[in-house]
Amino acid sequence: MKRKFEHPAPSERELTGPKYWRSLDELAETPGFKAEVEREFPADASNLNGVDRRQFFKLMAASFALGGVGLAAGCRRPEKHILPYGKSVEDIIPGLPLYFASAMPTRKGAIPILAETHQGRPTKIEGNPTYSPYGGATNAFVQASVLDLYDPDRATVSTVKGAAATGAAVQDLLAKIGSDASLGSGAGLAFLAGQSSSPTRAALVAGLRKKFPKAIWAEYEASLDEASASAAQAAFGQSVKPIYQFAKAKRIVSIDSDFFQAESHSLYYSREFTKGRKILKKEDAMNRLYAIESGFSLVGSMADHRLRLASSHMLAFAAALASKVSGDDTFSPLSKGLEFKDQDKWLDACAADLLAHKGECVIVAGSHLPAQVHAIVYAMNVILGNVGKTLDFVEVPASNAATISTLASAIKEGSVKTLVILGGNPAYDAPADLDFATLLKSVPEVVRYGYYVDETSAVSGAHIQAAHYLESWGDARTADGTIVPVQPMIMPLFNGLTEIEVLARIAGESITDPYTLVYNTITGLVGGNADHVFRQFLHDGLLHGTAYTKASVRFNAVGLSPIFALAPQFVALSEENLEVRFTFDAKVDDGRFANNGWLQECPDPITKISWDNAILVSPKLAKHLGIDPAGSLLQVARKENATYKQGKEQAFIGEVTVNGVTVRGPLHIQPGLSNYTLVLPLGYGRTVSGRVGKGVGHNFYPLRTTSTLGYATGAKLVVKQDELHALANTQEHWSMEGREIVREANRYNEDGSSVDLGFVNTFGIESHAPSNLGEEDSIAEMAKLSPQERAERKALLAVETPRGQSLYEHPNLTGVHQWGMSIDLNTCIGCNACVVACQAENNIPIVGKEQVLRGREMHWIRLDRYYSDGNIEAAAFGGPGNKEIPEDPQVSIQPVGCQHCEAAPCEIVCPVNATVHDDEGLNVMAYNRCIGTRYCANNCPYKVRRFNFFDWNKRSLDELYMGPLGKSGMPELVKMVKNPDVTVRMRGVMEKCTYCVQRIQQAKIKQKVKAGASDHVEIPDGTIKTACQQVCPVDAVVFGNIKDPESAVSKAKVLDQNYALLGYLNIRPRTSYLGKLRNPNPAMPDYAALPLSRTEYEKKNNPHFGHEPAHGGESGPGEHAPEGEVKGEHHSFLKGNNLFGGLS
Amino acid sequence: MSKLFPKSANRLPLQIIILVIVLGSIVTAGTTYYATNSYINVGYAPVQPVPFSHALHNGQLGIDCRYCHVGVDKGPTSTVPTSQTCMNCHNQVKPDSPLLEVVRNSYASGDPVPWVKIHQAPDYVYFNHSVHIARGVSCVMCHGQINEMDVVHQAKPLSMGFCLECHRAPEKFVRDPKLVTQLDWKHPGGDAGQLEDGKKFVHDWNIKPPQSCSGCHR
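What counts and what doesn't
Residues numbered from 1 in each chain as written. Chains lettered and ligands numbered in written order. Predicted model: local features only at pLDDT ≥ 70, side-chain atom pairs only at ≥ 80, totals over all residues. Helix = DSSP H or I, 4+ residues; strand = E, 2+ residues; numbered from the N terminus. Buried ≥ 20, exposed ≤ 12 C-beta atoms within 10 Å, placed from the backbone. Contact = placed C-beta atoms within 7 Å. Rg over C-alpha atoms; globule rule 2.2 N^0.38 Å. Nonpolar A, V, L, I, M, F, W, Y, C, P; charged D, E, K, R; others polar. pLDDT = per-residue confidence, 0-100. Pairing = 2+ DSSP bridges. Axes fitted to C-alpha atoms, helices over the stretch in contact; angles between N-to-C directions. Parallel < 35°, antiparallel > 145°, perpendicular 65-115°, else oblique. Left-handed = near helix turned anticlockwise from the far one by under 90°. Expected span 1.5 Å × (residues − 1). Core = buried A, V, L, I, M, F, W, Y, C linked by C-beta atoms within 7 Å.

**Here we look at the overall build of chain A**
Consideration 1: When its secondary structure is counted, chain A shows 35 helices and 38 strands.
Consideration 2: Scored against the burial criterion, the 1144 residues of chain A give a buried share of 54%.
Consideration 3: For chain A, the share of sequence-separated contacts (at least 6 apart) that also reach a separation of at least 24 residues comes to 75%.

Here is the structure:
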């Protein structure tokens, strides 16, 4: 699809034309602006003093008259120009986007993408569907990466000793490093690079090491996966890495593994996992997930059985489970000390379940866990016969890079004279015991290559600015080894260099042009016509058949003994001896995305905190510390009367001390945490970053040392009761309050029979209210029809809107299509990718922490996260259960955007008809009509409308309240990221999800152009993908024409578990949900016959629920299991209950 | 008080009311007439950097609209031709004309010719040329007899009302897509013939021009 363009040299006009501001500060330095700031009011505002009133009115009258004359004389808008290209550019028609295949390199992999460009300007990233493991899906980081390209705070110039350096000077510098080093065959030269999967880089590094045999090549990433690799090496005697095939696994045990987000192949794992959760009919099997974890990850939220356990106890757990699975005592010494509630029963039931599914189960361990855990997990998978079925091992090239510790000791010895740091940010994220920032100062020459000026640049002599991956030629391998291209969408905005060019220049290669380097690598791999091969590679966005080969592995227990000799001792935890667990923040990763406003504002999927990180503490520990919110009922947030500010969470500051090092941060109480584990999300507290990332959150890296990269024990926590920190938490309310918002059921009844998938309609107000659409179309009547008939009936109802029980007549909808959406709550993992994709597609502004604290975030789609622990009182909300923060809740996640109600409540209250219905069933917003009364938002039952309280796009976030005194206008760079097909909204208008109306219209236009003088105007199903649907890694979102009974969305909507959120309001939302299913094991001690949210529902609405003597009731609601970490017996009274007895 | 106000002051309220009504009517009438696209914009004919004549190129020489406006049947914009398009002919025809100096310079340097925009939809309107061309809406409907213009001027108001006039009654305007660039074409059967054919096209091609906001505003 893309060939290499010969870019013409910039003309004089371009060079003298408008320049991008390197920063707003630079702009602010102009004398004119300074003068403006110094003046209290704008010019002429104070001149009125000299004019008397009479004269003023005279002037006013005259100016009005002049205005009238001007109008009558043909006052026109200002003259505008059309500027066509001087020379024609192939393929470009202004207004039509072009898509190019590329890839975003990640630490050890890459995510294949299609970049949407508008006249050479990338605006949006989509996944490349040609790469089937990801199926066109991406994640939030990929979506947000395009914002980094246009970040006004990125390094815009290379510097040497603080002075700007020209491109030629940088080239000289790099060549000099190489020529100096070649004298002593590389002695004194060292490199510290981030991990990369690029074959070209690997080749260059090999050349470099050959040329400079004495040079040190070290690689460091804050994230880790060494343990799993070293365990695999020991267990199988080969350099292999595991690739899990979750789609084939019916039973999955996750030992502290966040395989939805933290692994390099996470997109594949998410997709494959949810394939076992897609329930279309009664017979479809559903996988079962056991999650054992210390923090609360999205894997835990999907788990059917979740066990809270400290990370440092995972080894003991793995050993105990292995003993049960293998039936011998090899590992049992390691399990000594392990203790949790119903331990034996839990392990027995879990092991029995695994043994019953030999070859179709899989056990995974978190990458932060020690090698012993991975070794045991491999052993268990071998015993269970999973290898080659649900778990493949692939041969990976062994890394021969040195570690950062080796480099640090070389620096200490003084043997490093020149250090080249490629990417990364070691001064910020290197293990604290190395004290890397100080070490760097002792190196005579530090050359730093990086995208931002950061903590490392601050202690480096020279900073070489990097090009963004959307500006670079390169290549990479995905996590399964497939080679993918990285091709530039735009010329480097600030003449940054690519990493391979830097390496080639240091190595003194004859070819330094990155395009040629990549061309040579790829064409060297494949035979045939080189040009043709390379073109095909760029067109497809991948090189077919280059995935790593599957290895046949043989488990070698003997090889593991050196690993087990180093097994850590079991340490019991208590309030005085806490465990800290380091995770990477879901928003900023290891800190690399700290200056990305889209990610900063996207709330954490579980805590829902944006713009911040916090020390997460368990409810039990919070109680011990006395920081649990005594007064609040259903809130996790602290809302004492005295500290009530803006209605937002005011968190106490806590100080965590490990081995004499102390860090501080706000304390957020997180339900579901292991009792004595503190979760510390890394990546915040940057001291040198851009305007977005600097000084936001707290830095926990100082606690992390070489030996405690994953977790540490022996921590102490002190609460500073007198200090408070506001957390911009977008959802403090944790409970559904026993309402039927997310509708859940267990997949199988206790007797093993499949649950009636129509359960969603057996509870809730609709279940006993008159049917909205009239009795002939009631749920019961619909259930009698076959799926095909139901689809046809529903397609008809979408057009001929029945009056049903409504007070009003509804006009029929006459459009060719009728748009609708279905969201599968059973597969949605809550990863936030849709939130950021929507932001990128629809020009949604960033509002900043201050405004999020006021509840003014602008996201068109939000993910609601609910906790339920089954404890709720029927008699109002004052029962004891409600005053406790749940220690061991289930989590239900629900994406909510505008539901496009057919009888939309927002429309009838709009005084100016700014929000109306179109003939294809869309609830549309005409921004130009909106006068900002906000009545619509008031009347929206879903609270999905967003109001522009400020001119977010034109004003910088720290000057929102300055009114006309603040700077106005968008920096040129930021303008470039906007989608030209979507209006940029101004202050005072309402906005909300449009179902990506721009994509709908473009598809319709395209179809009509194709139709020409014919009537084929109906868009084929699947042509339009909304931004949230396109990005969704688990295909939870389906969008399409509900008028067509054969469309995918119609087929989703006729499933039995389809329901409308707040359907009883008779507003007939076009978005509907598929109910959530859980698949607990009846043999497990924490088995509950109903999901906990359902229990809450029943308890609230059915006073007799759970109180019949026949059903036990040995412990009342609200009585928590005091010590144990597992949900205890207090749910057993549900067993055998007639689930729907109280309702039908 | 009678010393302060003469008797004629009693008539003042009535006079004021009448004055307000008269003034109000004048302002209303004035605004409706003067402050609309059809008054302000119709006839706008700015001086262009190159005195290009559509009457010559299209009207006399018969070059099809789409030779230069290449995007008109493909994308939202009709695309003003690049200087290279002009030079296709003008490196042979009148290669030294001083009037073409700007175009030659542009072609040599790559800098655009700053054509002055005449037909302008507001930023919040997402007009698309290709769909109109493909479905039989002629250029002449919005741009007038360009083929007779030496200097292009705006011929139609291009206001929302103007768009809706056609979107509400497409049968009065649609023609065979093959004829869209024939600006002189009139239905041989006159208005009645147009209406008859138009109705047939609207039915056969399932023409349902959008009349709701989402058609043009996103």
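**What to know about the overall build of chain B**
Consideration 1: Along chain B, the regular secondary structure elements total 10 helices and one strand.
Consideration 2: Going from N to C terminus, chain B has its helices and strands arranged as α-α-α-α-α-α-β-α-α-α-α.
Consideration 3: For chain B, the C-alpha radius of gyration of 25 Å lies well beyond 17 Å, the compact-globule estimate for 218 residues.
Consideration 4: Counting only C-alpha atoms and orienting by the principal axes, one finds that chain B spans roughly 90 × 50 × 35 Å.

**Focus: the interface of chain A and chain B**
Consideration 1: Every contact between the two is made by 45 residues of chain A and, on the other side, 48 residues of chain B.
Consideration 2: Only α4 (53-72), β1 (81-82) and α32 (997-1011) of chain A provide two or more residues apiece to the side of chain A that touches chain B.
Consideration 3: A per-element tally of the side of chain A that touches chain B places α32 of chain A first, with six residues.
Consideration 4: The residue inventory of the side of chain A that touches chain B, partitioned by class, reads 23 nonpolar, 12 polar and 10 charged.

**So, the confidence of the model for chain A**
Consideration 1: Chain-level pLDDT for chain A is 86 on average; 87% of the residues reach the 70-or-more range.
Consideration 2: Below a pLDDT of 50 lies the segment residues 632-642 of chain A, which in the model reaches 31 contacts outside its immediate sequence neighbourhood of four places, other chains included.

**Description of the sheet that holds strand β3 (residues 110-117) of chain A**
Residues and elements named next belong to chain A.
Consideration 1: Strand order in the open sheet formed by three strands is β2-β3-β4, with antiparallel pairing between adjacent strands. Unpaired on one side and paired on the other, β2 (98-105) and β4 (122-127) mark the two borders of the sheet. The sheet shows a mean angle of 35° between the axes of neighbouring strands, taken without regard to direction.
Consideration 2: As paired elements, β3 and β4 share five bridges and run antiparallel to each other. Counterpart to Ile-113 in the pairing with β4 is Gly-127.

**Here we look at the packing of helix α6 (residues 167-183) of chain A against helix α18 (residues 499-506) of chain A**
Residues and elements named next belong to chain A.
Consideration 1: Between α6 and α18, whose axes approach to 7 Å, the crossing angle comes to 50°. What the angle tells us is that α6 and α18 run oblique. Contacts from Gln-171, Leu-174, Ala-175, Ile-177 and Gly-178 in α6 reach Val-502, Arg-505 and Ile-506 in α18.
Consideration 2: Class assignment of the residues belonging to the contact of α6 with α18 gives a composition of five nonpolar, two polar and one charged.

**Here we look at the packing of helix α5 (residues 140-149) of chain A against helix α26 (residues 833-841) of chain A**
All names here are of chain A.
Consideration 1: It is at 8 Å that the axes of α5 and α26 come closest, and there the two elements cross at 25°. Regarding the angle of α5 to α26, the classification is roughly parallel. The handedness of the crossing between α5 and α26 is left-handed. Packed against α5, whose contacting residues are Ala-140, Gln-143, Ala-144 and Val-146, the element α26 presents Ala-833, Val-836, Ala-837 and Ala-840 at the interface.
Consideration 2: Split by residue class, the contact of α5 with α26 holds seven nonpolar, one polar and no charged.

**Describing α5 of chain A**
Every α-helical turn comprises 3.6 residues, leaving residues that sit three or four positions apart pointing alike.
Residues and elements named next belong to chain A.
Consideration 1: The element α5 is extensively covered by neighbouring structure, given that 10 of its 10 residues are classed as buried.
Consideration 2: When α5 is considered as a whole, its buried residues turn out to be Ala-140, Phe-141, Val-142, Gln-143, Ala-144, Ser-145, Val-146, Leu-147, Asp-148 and Leu-149.
Consideration 3: If you follow the buried residues of α5, they end up packed against β2, β3, β4, α22 (597-601), α26 and α33 (1027-1031).

**Some details on the sheet that holds strand β36 (residues 1058-1059) of chain A**
Residue and element names in this part refer to chain A.
Consideration 1: The strand order β35-β28-β37-β36 describes an open sheet built from four strands, whose pairing is mixed. Pairing within the sheet leaves two strands with one partner each, and these edge strands are β35 (1037-1041) and β36.
Consideration 2: The sheet contact formed by strand β28 (residues 819-824) and strand β37 (residues 1071-1074) spans four bridges and is parallel. Residue pairing across strands places Asp-824 opposite Leu-1074, the latter belonging to β37.

**Looking at helix α10 (residues 190-204) of chain B**
Consideration 1: With 15 residues, α10 of chain B should reach 21 Å at 1.5 Å per residue; the first-to-last C-alpha distance of 21 Å fits that figure.
Consideration 2: Positive backbone phi, approximately 50°, marks Asn-206 of chain B, located one or two places after α10 of chain B.

**Quick notes on the nonpolar core**
Consideration 1: Core analysis: the largest hydrophobic core is formed by 300 residues, its most contacted members being Ile-255, Ala-318, Val-580 and Leu-678 of chain A.
Consideration 2: Broken down by element, the residue count for this core peaks at 10 residues, all from helix α11 (residues 314-326) of chain A.
Consideration 3: Listed in part, the 15 residues of the second largest apolar core include Ala-134, Val-137, Val-140 and Leu-183 of chain B.

**A closer look at the pairing of strand β23 (residues 649-658) of chain A**
Residue and element names in this part refer to chain A.
Consideration 1: β23 sits mainly inside the fold: seven of its 10 residues count as buried.
Consideration 2: In terms of strand pairing, β23 meets strand β26 (residues 711-729) through nine bridges, oriented antiparallel. What sits directly across from Glu-649, in β26, is Leu-727.
Consideration 3: In this sheet, strand β24 (residues 661-669) lies alongside β23 in antiparallel orientation, the contact comprising six bridges.

**A closer look at unusual backbone geometry**
Residues and elements named next belong to chain A.
Consideration 1: At Asp-589, a residue that is not glycine, the phi angle is positive and equals roughly 55°.
Consideration 2: Tracing the backbone shows Asp-589 in the loop between β20 (578-584) and α22.
Consideration 3: Classification of Asp-589 as buried rests on a count of 21 C-beta atoms within 10 Å.

**Thoughts on the confidence of the model for chain B**
Consideration 1: When pLDDT is averaged across chain B, the result is 92; 99% of the residues are at 70 or more.
Consideration 2: Element-level mean pLDDT values for chain B span from 82 in helix α2 (residues 37-40) of chain B up to 95 in helix α7 (residues 129-134) of chain B.

**Points about the pairing of strand β13 (residues 361-365) of chain A**
All names here are of chain A.
Consideration 1: With five of its five residues buried, β13 lies for the most part within the structure.
Consideration 2: The alternating pattern of β13 places Cys-361, Ile-363 and Ala-365 on one face and Val-362 and Val-364 on the opposite face, and all of these are buried.
Consideration 3: Across five bridges, strand β10 (residues 251-255) lies against β13 in parallel orientation. Directly across from Arg-251, in β13, lies its bridge partner Cys-361.

**Things to note about the environment of Val-157 of chain A**
Residue and element names in this part refer to chain A.
Consideration 1: Turning to its location among the elements, Val-157 is positioned in the loop between α5 and β5 (158-160).
Consideration 2: On the neighbour-count criterion, Val-157 (15 C-beta atoms within 10 Å) is partly exposed.
Consideration 3: Spatially, the C-alpha atom of Val-157 lies 9.8 Å from that of Val-453, the residues being 296 residues apart in sequence.
Consideration 4: Apart from residues lying up to four places away in sequence, Val-157 is in contact with Ala-164, Gln-465 and Phe-494.

**With respect to the environment of Leu-973 of chain A**
Residue and element names in this part refer to chain A.
Consideration 1: In this fold, Leu-973 is placed in helix α31 (residues 972-975).
Consideration 2: Judged by the 20 C-beta atoms lying within 10 Å of it, Leu-973 is buried.
Consideration 3: On a C-alpha basis, the gap between Leu-973 and Asp-531 in space is 35 Å, while along the polypeptide they are 442 residues apart.

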